[in-house]
Amino acid sequence: MLDLWNLTGDVLLSSGTVAYLGAFTVDYRLECQKQWQALCKEKHVPCSNDFSLSNTLGDPVKIRAWQIAGLPIDSFSIDNGIIVSNSRRWALMIDPQRQANKWIKNMEKANKLSVIKLSDTNYVRILENAIQFGTPVLLENIGEELDAFIEPILLKLTFKQQGVEYMRLGENIIEYSRDFKFYMTTRLRNPHYFPEVAVKVCLLNFMITPLGLQDQLLGIVAAKEKPELEEKKNKLIIESAANKKQLKEIEDKILEVLSKSEGNILEDETAIKVLSSSKELSEEISEKQEIASVTEMQIDATRMGYKPVAVHSATLFFCISDLANIEPMYQYSLIWFINLYIQSIANSKKSDDLKERIENIIEHFTVSIYNNVCRSLFEKDKLLFSLLLTIGIMKGEDKIDDEVWRFLLTGGVALDNPYLNPAPEWLTDKSWAEIVRASSLKNLHGLMDHVRENVSKWKMIYDSAKPQEEAFPDVWKTLVGLDRMIILRCLRPDKIIPATQDFITENMGRTYIEPPTFDLAGSYNDSNCCAPLIFVLSPGADPMAGLLKFADDLGMGGTSIQTISLGQGQGPIAAKMICQAIIDGTWVVLQNCHLATSWMPALEKICEEMIVPENTHEKFRLWLTSYPSEKFPVSILQNGIKMTNEPPKGVRANLLRSYLNDPVSDPAFFTSCQKQEMWQKLLFGLCFFHALVQERKNFGPLGWNIPYEFNESDLRISMRQIQMFLNEYEEIPFEALTYLTGECNYGGRVTDDKDRRLLLSLLSIVYNKDIEQEKYKLSPGDDYYIPPHGPYQSYIDYLRSLPITTHPGVFGLHENADITKDNQETNQLFSGVLLTLPRQVGGGGKSPQETVEDLARDILSKLPNDFNLEAVMKKYPVLYEESMNTVLRQELIRFNRWGSLFSLTLQKLKDAKMFVFMISTRSQALDNCKHFIINFFYKSCLRADSKYLKAAANDFLNPDGQLSDSNNI
């Protein structure tokens, strides 16, 4: 009776959820439902305390069938399925991981599902036939705009003639079947649909949830490790679903018999027979269900032994899924992820001990993900990814406090600092303000007081060359992890990068701060004929020379590889090349895809429809090169193998790259010179010089007056020249080598005379007779020298022993030269991580909405009153003799205008806070609000250094300490 009493409110909440909440995340849905529940109780509308959509509108038999068809088991996905089946509008599913796509295809397979795309030439005919015959249609890969042709379908614009229902599609009038179903999916992660589109469809967020992914991954690892158990479980699931369906049918049959029976039911022989047979069947099914439930529990107990693998692996997926917020090219599909997962299960070390086996799978898969993702990241983002992995895994183990983590990234938010700086001569106001705010964190209480009372002790940390390795004073020496990094951020933010490397090494191992070098052969071995290989370009990177050499090594050179640079009119030519190469089994290289964005949809269609296993020669490969572009097709990025080919960070990584890549890695080339010892010394010296000139670019004007894009071709030609001169001359012609390398190969790029002088000075370190000495030093200190003559591997071993971080002295610079560079790298690291922050803040931290609201309220309370222009004009009238009075009047008018704009914008921001939150993820809300205000006032002539909201406010409230009080004028 209670359920029936609550039915009114439950149906009302369910209707609201189906109509309005499909597009939102699980957290926001629950928040809205709670608010609606409270509203219902306030208005005395009865509803359940534990309301859920599945309890109100869900059919357990139907839900089980959906899950067998591939719908994830979590409640969010089940609610999505219920919304799809109950909405009056056709569903448009935001489905970047293709979960909904897979579910719809399996669920409607028996009903003759038609799968179409708007790019298909015959999609109109397929739609017309499906509408007439009442079969389902799935429209895949739609963008942010829909074809006007399908509008009558979306709006269900039907009319009746002579009792038959019709629909007008374009110029055709076709019969409309009520059995017709229409589904739409998009691969876009964060699409923006205009209101006129959103009101015609049921927008549905089908992003995968952690629980749904964990169940999938658990099923995969159990199937691989215990195939007989997983097979038995799947069989039980199907049997259980069939039994429940049968029980439902029995219940319906009994109700039908009872409703049709007339008079005394005990005298109705047919009804008694039906009831008695139904009872027997029901008891039989119930017994089967009980046996099946016990067996299923036993199987689940064994499966759950592998749950740590599934939980850990799901964490890794969500670490990489938000990388696309940093660069549009960082896209990774769930299918790609699962394939790597299966490979790790197969290739990891076997063990009979379950705990050891789980550790082996986890370790192998984590390294595999790191290596595969790293090869597609730019150098600036490799450490960022390592940090995200480390934090993600530690969060999964409940070792990270969200409030501490967010403070490390942002430094906290406050408008002013009431506490006086105890050491303004060396401690900046910004650093002191961060120390004050850090003192409110759980493990850092009392930090502000300790710094104030022990200024000299903390100055020693500030002055240290390696503060990240120093022990902090007194009680603070026991700090570890993020708490220690926060203090370092406050005092010496330029050393956050090495501190981050130490943090990653302590928690994950050294492997995760040593990204793998560029390996074209490895990427090729991981590819297949249907997966494009994509070079993501950066300034100065040209992979073509290496690719052509690689093609020659595999016997695919000459006519077996065709290249074309895309641009106007080149698309159709490229398409013909691909069509022929698919048949012949040759390679096609499409260069500069970013210059042909209009042809990219055609390339996507070719990849999806023509480059399929049954039509494609196994030797065929499609190679693509492109700068980062938002127009590059997501499906190609997700299914392809991405590589970056930019110079690595640091002298060590740069030298390793030179030695591990062609031509130095080729044994024939390495041992080809007659004067072996001298050849290898000069070769090492040249590679060191190449690393120096590339790395100096990171120091800005201190490195080079003008930044130059030195690349691999400069190094390659210089190597060949050393080899040629050593073979042809008795004595080494250092002057000739210096001229060719310093003035022609590298110097040809240099336009500034001081830079040319510097280049020749750096080259003279290597190209001189002293290089013949044993262990000739290339820089001050004992780290960098020419290794003794030996086999190729001895050089690699020496390079791996070098420090990861390069001291500025190696480049001939002062030890403080890298402060600006390191600060920029720290800001870049934190800004990148902030883009990938999770959708909500746990622990004791404020939500981004609260942060923005508090900041806006704080600024509003401090805004000064407008200047009284009439009073000012009386006191300082505009006269010919007093020209400055005119300037004063103009400045005050502008100042009043800015004040009004500030006040109006902040007020609107407070009003729009919830709206921003609704249309965006929580982490984006804060950034959107900040950028809105910053850009607004920056364009309104605020000083150019107003990079942050609080700084912009301070600039306005106290511009250089002048005009702060209208009463003083």
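Residues numbered from 1 in each chain as written. Predicted model: local features only at pLDDT ≥ 70, side-chain atom pairs only at ≥ 80, totals over all residues. Heavy atoms only, no water.

- Where an unreviewed UniProt entry is consulted, the protein chain appears under the name Dynein axonemal heavy chain 3, with the organism given as Terrapene triunguis.

Side note on empty space enclosed by the protein
Reasoning step 1: In this structure the tally under the stated criterion is nine cavities of 30 Å³ or more.
Reasoning step 2: Roughly 100 Å³ of internal volume is contained in the largest cavity.
Reasoning step 3: In terms of lining, the largest cavity is formed by 13 residues, of which the most central are Gln97, Arg189, Ser321, Tyr332 and Gln638.
Reasoning step 4: Per element, the largest residue contribution to the lining of the largest cavity is three residues, and it comes from helix H13 (residues 307–321).
Reasoning step 5: Split by residue class, the lining of the largest cavity holds seven nonpolar, five polar and one charged.
Reasoning step 6: Within this model, the second largest cavity holds a volume of roughly 60 Å³.
Reasoning step 7: If you trace the second largest cavity, you find it lined by Tyr332, Trp336, Asn372, Arg375, Ser376, Gly640, Ile641 and Lys642.
Reasoning step 8: In the lining of the second largest cavity, the residues fall into three nonpolar, three polar and two charged.
Reasoning step 9: For the lining of the second largest cavity, the two domains that each supply at least three residues are domain 2 (217–376) and domain 4 (522–644). (1 Å grid on protein atoms, 1.4 Å probe; cavity = no way out; pocket = protein on both sides within 12 Å on 5 of 7 lines; lining within 4 Å. Points joined across faces, edges and corners; volume = space filled by probe spheres on them. Helix = DSSP H or I, 4+ residues; strand = E, 2+ residues; numbered from the N terminus. Nonpolar A, V, L, I, M, F, W, Y, C, P; charged D, E, K, R; others polar. Domains from an automatic or database assignment.)

Comments concerning the confidence of the model for the protein chain
Caution applies to low-pLDDT regions: their predicted coordinates should not be interpreted in detail.
Reasoning step 1: Scored by pLDDT, the protein chain comes out at a mean of 84, with 90% of its residues at no less than 70.
Reasoning step 2: Confidence drops under a pLDDT of 50 for residues 839–845, and excluding neighbours within four residues, the segment shows 13 contacts in the predicted structure.
Reasoning step 3: The low-confidence segment residues 913–948 (pLDDT under 50) makes 63 contacts with residues lying over four places distant or belonging to another chain. (pLDDT = per-residue confidence, 0-100. Contact = heavy atoms within 4.5 Å.)

A closer look at the sheet that holds strand E4 (residues 158–161)
Reasoning step 1: Pairing is antiparallel across the open sheet formed by three strands, whose spatial order is E4-E5-E6. Each edge of the open sheet carries a strand with a single partner, namely E4 and strand E6 (172–175). Between one strand axis and the next, the sheet turns through 40° on average, direction left out of account.
Reasoning step 2: Bridging between E4 and strand E5 (residues 164–169) involves four bridges; their strand directions are antiparallel. Looking at the pairing, Phe159 lines up with Tyr166 of E5.
Reasoning step 3: Where helix H7 (residues 123–133) meets the sheet, it contacts E5 and E6, and its direction lies at approximately 35° from that of E6. (Pairing = 2+ DSSP bridges. Axes fitted to C-alpha atoms, helices over the stretch in contact; angles between N-to-C directions.)

Considerations on the pattern of salt bridges
Reasoning step 1: Applying the stated criterion across every chain, the model contains 37 salt bridges.
Reasoning step 2: Here Glu379 makes a salt bridge to Lys382, at a shortest N to O gap of 2.9 Å. In this pair, Glu379 and Lys382 both sit in helix H16 (residues 379–396), three residues apart, roughly one turn of the helix. Here Glu379 and Lys382 have matching classes, each one buried. (Salt bridge = Lys/Arg side-chain N within 4 Å of Asp/Glu carboxyl O. Buried < 20%, exposed > 50% of the residue type's maximum accessible area, 1.4 Å probe, protein only.)

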